[in-house]
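# A look at the structure
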Amino acid sequence: MKRLDSINLGDVFRNARENCDMTQEEVAKKLGLKRDAILRIENGNRNITTDELRKFVEIYNLNIEDLLTVDNDDVKMKGIILAGGSGTRLYPITMGVSKQLLPVYDKPMIYYPLSVLMQAKIKDILIITTPEDQQYFKRLLKDGSQFGINLNYETQPEPKGLAQAFTIGEKFIEDDPCAMVLGDNIFYGYGLNKELRQARINAKSGVATIFGYQVKDPQRFGIMELDSQNNVISVEEKPEHPKSDYAITGLYFYPKGVSERAHNVKPSARGEVEITTLNDMYLQDKTLKARLLGEGYSWFDTGTFDSLLNASNFIKSAEENRDSVICSPEKIAYENGWISDEELEERAKEQEKNSYGKQLRKVLGKK
């Protein structure tokens, strides 16, 4: 069991604050501190007193288990965004532009999967695109330094299945655990940070994690079958007669060695290296777990006209209700301590003519 003095409490408090949907300013007021003190505590740059620890536990309703299961980031983890494909379901829109560069309300689609990996505290990220679209992703995202992260790029000449990402990215992944998120998937929920943290802990412990979400048309998705304890019994790709209504979303966490396993996946009848087959390998080894995204979570696979519109409307409504930007790489980078006040100010100034830039200023406490 870990000792409290060996734990990065900053990560615990940051995740707890986000799960409680509180700002650093609100927490500072309850503690009688300035916001800068909360920022330094969450970044691990300020020690706390016993009295402050007691108040943090009370404000966030924490318990000892929360503190002892925190991930210390002691093992490096990589991330992949698979942003290839032809986007034929969105023709004629995607005849001239990559699907993952289309707007979802106030941000390009690629920002949403990027924000998920950043919320999981992953800084080394590989973006896999089509050869013809890569230059546009590089133009938008550059090397990632504006978000305090390291971006790398590879191409997928033709889509041959989701698991192919791990063979394309083999040199990038090396022997590290790796998460992958699909470039057209959007995840949102107050407890998402906790789910991501647990998936990361699983990966470092040699266990793969998939995320389930209840859907009304499960035959359109990869499906997980669960027992009464929510343990995975089986996984199946787009079954004609689904055994459950829990779709396997486009977010996966794998332990080290995933590239080697992906090489052993044989192409399916449709000629693709299926992610479901890869997941089944871990299931057969009893090293596959599921995290279920229930009430309070939203998941969008934005590959159709309707889902793209629904996602945009959802983001608009959520941001207006909160008067705050969500799924923002700049905001997450700032809260993670990866960029400074000055760097966030610069990003806000670049975009000051729209609501996105104005919301970034609010993160700095500037109206």
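Description of the structure in this document. (Residues numbered from 1 in each chain as written. Predicted model: local features only at pLDDT ≥ 70, side-chain atom pairs only at ≥ 80, totals over all residues. Heavy atoms only, no water.)

Here we take up the pairing of strand β13 (residues 297–301). Most of β13 sits inside the fold, with four of its five residues counted as buried. Pairing between strand β7 (residues 185–189) and β13: five bridges, direction antiparallel. Each residue of the ladder has a partner; that of Ile186, found in β13, is Phe300. (Buried < 20%, exposed > 50% of the residue type's maximum accessible area, 1.4 Å probe, protein only. Helix = DSSP H or I, 4+ residues; strand = E, 2+ residues; numbered from the N terminus. Pairing = 2+ DSSP bridges.)

Attention now moves to the packing of helix α15 (residues 341–350) against helix α16 (residues 355–363). One can describe the packing of α15 onto α16 by two numbers: an axis separation of 7 Å at closest approach and a directional angle of 155 degrees. It follows from the interaxial angle that α15 and α16 lie roughly antiparallel. When the axes of α15 and α16 are compared, the crossing they make is left-handed. In this structure, α15 uses Leu344, Glu345, Arg347, Ala348 and Lys349 to contact α16, whose residues at the interface are Gly357, Leu360, Arg361 and Val363. (Axes fitted to C-alpha atoms, helices over the stretch in contact; angles between N-to-C directions. Parallel < 35°, antiparallel > 145°, perpendicular 65-115°, else oblique. Left-handed = near helix turned anticlockwise from the far one by under 90°. Contact = heavy atoms within 4.5 Å.)

Okay, the packing of helix α2 (residues 24–31) against helix α3 (residues 35–42) next. Put simply, α2 and α3 touch, their axes get as near as 8 Å, and they point 105 degrees apart. Looking at the two axes, α2 sits roughly perpendicular to α3. Contact with α2, carried on its side by Gln24, Glu25, Val27, Ala28 and Leu31, involves Arg35, Ile38, Leu39 and Glu42 of α3 and no other residues of that element.

Membership of the largest hydrophobic core comes to 51 residues, with the highest contact counts inside it found for Leu114, Ile125, Ile127, Leu141 and Phe253. Here this core gets five residues from one element, more than from any other, and that element is helix α6 (residues 111–119). Ignoring anything within four residues of it in the chain, the contact list for Leu141 reads Ile110, Tyr111, Leu114, Ile127, Gln146, Phe147, Leu151 and Tyr153. Listed in part, the 32 residues of the second largest apolar core include Ile80, Ala165, Ala262 and Ile275. (Core = buried A, V, L, I, M, F, W, Y, C linked by side-chain atoms within 4.5 Å.)

Here we take up the pairing of strand β6 (residues 178–182). The buried fraction of β6 is high, at five of five residues. Of the two faces of β6, the one holding Cys178, Met180 and Leu182 and the one holding Ala179 and Val181 are both buried throughout. Note that strand β1 (residues 78–83) and β6 share five bridges and pair parallel. Bridge assignment links Ile80 to a residue of β6, and that residue is Met180.

The next subject is helix α12 (residues 275–284). Within the span of α12, buried status applies to Ile275, Thr276, Leu278, Asn279, Tyr282 and Leu283. In an axial view of α12, the angular spread of the buried residues amounts to 160 degrees, which keeps them on one side of the axis. In the stretch just after α12, Lys286 is the one whose phi turns positive, near 60 degrees. (Arc of directions from axis to C-beta.)

So, about helix α13 (residues 305–322). Taking 1.5 Å per residue as the helical rise, α13 with its 18 residues ought to reach 26 Å, and the 26 Å between its terminal C-alpha atoms agrees with that figure. Within the span of α13, buried status applies to Ser307, Leu308, Ala311, Ser312, Ile315, Ala318 and Glu319. Each buried residue of α13 sits inside an arc of 140 degrees when the element is viewed along its axis, so together they form one side. Opposite the buried face of α13, at more than 90 degrees from it, the exposed residues are Asp306 and Asn321. Where α13 terminates, the next one or two residues include Asp323, which has phi positive at roughly 50 degrees. (Expected span 1.5 Å × (residues − 1).)

What follows covers the packing of aromatic side chains. In this structure the tally under the stated criterion is 13 aromatic pairs. Here the aromatic rings of Phe13 and Phe56 are separated by 4.1 Å at their centres, their planes lie at 15 degrees, and the arrangement is stacked. With Phe13 in helix α1 (residues 9–19) and Phe56 in helix α4 (residues 50–60), this pair connects stretches of sequence that are 43 residues apart. There is no split in this pair, since Phe13 and Phe56 are both buried. (Phe/Tyr/Trp six-rings, centres within 6.5 Å; stacked < 30°, edge-to-face > 60°.)

Once that is clear, we can look at empty space enclosed by the protein. Here the idea is plain: a probe the size of a water molecule rolls over the atoms and shows the empty space left. Under the counting rule described, the total for this entry stands at two cavities of 30 Å³ or more. Volume-wise, the second largest cavity comes out at about 30 Å³. Taken together, Ile223, Met224, Glu225, Ser234, Glu236, Pro239 and Lys243 make up the full set of residues lining the second largest cavity. Breaking the lining of the second largest cavity down by element, the ones donating at least two residues are β9 (222–226) and β10 (232–237). Partitioning the lining of the second largest cavity into residue classes produces three nonpolar, one polar and three charged. (1 Å grid on protein atoms, 1.4 Å probe; cavity = no way out; pocket = protein on both sides within 12 Å on 5 of 7 lines; lining within 4 Å. Points joined across faces, edges and corners; volume = space filled by probe spheres on them. Nonpolar A, V, L, I, M, F, W, Y, C, P; charged D, E, K, R; others polar.)

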